[in-house]
Structures are given as structure tokens and as C-alpha cells.
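Survey of secondary and tertiary structure
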Amino acid sequence: MRLFRDFRDHIFMKLFLLLYILLQCEGRESEFSYVTCGSLVKLLNTRHNVRLHSHDVKYGSGSGQQSVTGVENSDDANSYWRIRGKPNAPCQRGAPVKCGQPIRLTHMNTGRNLHTHHFVSPLSANQEVSAFGENGEGDDLDVWAVQCSGAHWERDDAVRFKHVGTDVFLSVTGEQYGHPIKGQREVHGMAGASHHAYWKTMEGVFIKPSSEPPRHDEL
């Protein structure tokens, strides 16, 4: 019985510490209002009300890489993406992301980066968007520039992501997949900026800006 109590207390303490850490990092009513490097977020397409999503399901055509979709369910853990710097360019943990800054979005559960290239998307015949790489490392086609109106990406702003390599915008236009991902929306790259290309941060763990001297941490 004592062994059980000790184990229970140990688990309780670990859960308490985890909750404490999350409360220190998270919360929309915090003293900072910017999206920061290292944060883990869900992104909502404001036109179609779906969150950017990926999973270990490959496209059956095009590149055959891991598919990227939009889902209505707000609770799906496969919709978390970590904000990182581009390859060989540090992104200081907790630093506000600047408007125009090139970033990578790394899928939390599979470690692959949001990616696009000159393959045709399966439903709309726009440009295919996939998840690519291993353990957060892919190539130069994983880089997107944040387009927003001020100096920094604010957490309540709707922003666009323009692909640095091919100049398309991350977009959703409403096409839905069938089996095995029935009802999920196609995410693709579009040549023109439109109301289909606006995204807003929703749920997530937002890393606070650090008061320590800057370090060049690659995230």
C-alpha cells in the first residue's frame, strides 16, 4: 500500500510540475501579445474554420510525401506546429517573430516540416503542400515568410504564409477528401493572395520572451 501511495504521489508531483510549466508559458491574457520563436501552436484558417493538420498518411499521388490537411476538430493533437528558424539561421527562443521573417513550421507528432514544391495538389490542382524531412530537418523548401501588417506577428492577428521558394500562399479553398481522411480539407499553395490564405493562432504553448542575454539557439 505504501509503495502505491509513493507512486501516486510521484505521478501527482510530475503532473503538477508540468501544469505549472504550461501555465508559465501559456495563456492569452499574458503580459506579451506576440507569437514567439519556439512556441507550439495550432493555426486556424479564418475563412474555412479549419486547423492546419498533418498525420502519418501519405499522398496517393504527386510527391507521395506526408499529407497536410485542414480539420474542424479543435482537440486533435496532430494539429500542433512548432515555430522555428530557417535552416542555418538561428531563431532565438522566445523572440517575437517579425513580419516578413522566414520561419519553419515543424509538425509536433511526426517531426516533419510544412513544405511545398512543384507538384499538383490532388483535389484542386493548385500546388501540393506536404510535410517533409526527418526529426525537423528537411530542405530549403520548408521556409515560409510571415506576412502581417505591423512590426511583429501579434497573437490575435490573421496573417498569411508566403512560401519563400515558390511564392505561393498557404491556402484552403474547401475541397474535402474521402477515405481514409474523409471530411478533411485540402491545404495547398495558391499563386495569389486571397481571403483563403489567412491564418490565426489558436490553442498552444506560447514561449515568453527571455530576460536573459540573447543566445543563438536553433529551434
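These lines cover the structure that appears in this document, whether it is placed above or below. For every chain, the first residue of the written sequence is number 1, and numbering continues from 1 along that sequence. Reporting of local features is limited, given that this is a predicted model, to residues whose pLDDT is at least 70; pairs of side-chain atoms are given and counted only at 80 or more, and all residues count toward the totals for whole chains, interfaces and linings. Hydrogen atoms and water are omitted, and side-chain values are computed over all heavy atoms in the structure.

**A few points about the overall build of the protein chain**
Strands here mean DSSP runs of E at least two residues long; helices mean DSSP runs of H or I at least four residues long; both are numbered from the N terminus. Counting its secondary structure elements, the protein chain contains 1 helix and 12 strands. Traced from its N-terminal end to its C-terminal end, the protein chain shows the element sequence α-β-β-β-β-β-β-β-β-β-β-β-β. Burial classes follow relative accessibility: with a 1.4 Å probe on protein chains only, a residue under 20% of its type's maximum area counts as buried, one over 50% as exposed, and anything between as partly exposed. Put simply, the protein chain has 219 residues, and 42% of those count as buried. In the protein chain, the share of contacts with a sequence separation of at least 24, taken over all contacts with a separation of at least 6, comes to 67%. Computed with the Shrake-Rupley method and a 1.4 Å probe, the accessible areas treat only the protein chains shown as cover for residues. Accessible area of the protein chain: about 11,400 Å², with a carbon and sulfur share of 54%. By definition in these notes, contact holds between two residues if any of their heavy atoms fall within 4.5 Å.

**Some thoughts on the pattern of salt bridges**
Salt bridges are defined by distance alone: a side-chain nitrogen of Lys or Arg within 4 Å of a carboxyl oxygen of Asp or Glu. For the structure on display, the rule yields 7 salt bridges. The closest approach of N and O atoms between Glu137 and Arg84, which form a salt bridge, is 3.3 Å. One end of the pair, Glu137, is in the loop between strand 7 (127-132) and strand 8 (144-147); the other, Arg84, is in strand 4 (residues 81-85), with 53 residues separating them in the sequence. On the accessibility criterion, Glu137 (45% relative accessible area) is partly exposed. The partner of Arg104 in a salt bridge is Glu137, and the shortest N-O contact between them spans 3.6 Å.

**Some thoughts on the pairing of strand 7**
Of all 6 residues making up strand 7, 5 are buried, and the element is well covered by its neighbours. One requirement defines pairing of two strands: DSSP has to find at least two bridges between them. Pairing geometry for strand 6 (residues 113-120) and strand 7, over 5 bridges, is antiparallel. What sits directly across from Leu114, in strand 7, is Ala131. Taking the residues between adjacent antiparallel strands as the criterion, strand 6 and strand 7 are bridged by 6 residues, where Ala125 takes a positive phi near 60°.

**A few points about the side chain of Thr36**
In this fold, Thr36 is placed in the loop between helix 1 (2-25) and strand 1 (40-45). Thr36 sits in the buried class, given a relative accessible area of 0%. In terms of polar contacts, Thr36 uses its side chain to reach the side chain of Ser39, at 2.8 Å. Apart from the residues within four sequence positions on either side, Thr36 is in contact with Ile83, Gly94, Ala95, Pro96, Val97, Phe206, Ile207 and Pro209. Throughout this description, a polar contact denotes any pair of N or O atoms lying within 3.5 Å of each other; where both atoms belong to protein, one of them has to be capable of donating a hydrogen while the other can accept it, and for residues adjacent in sequence the pair is counted only when both atoms sit in side chains.

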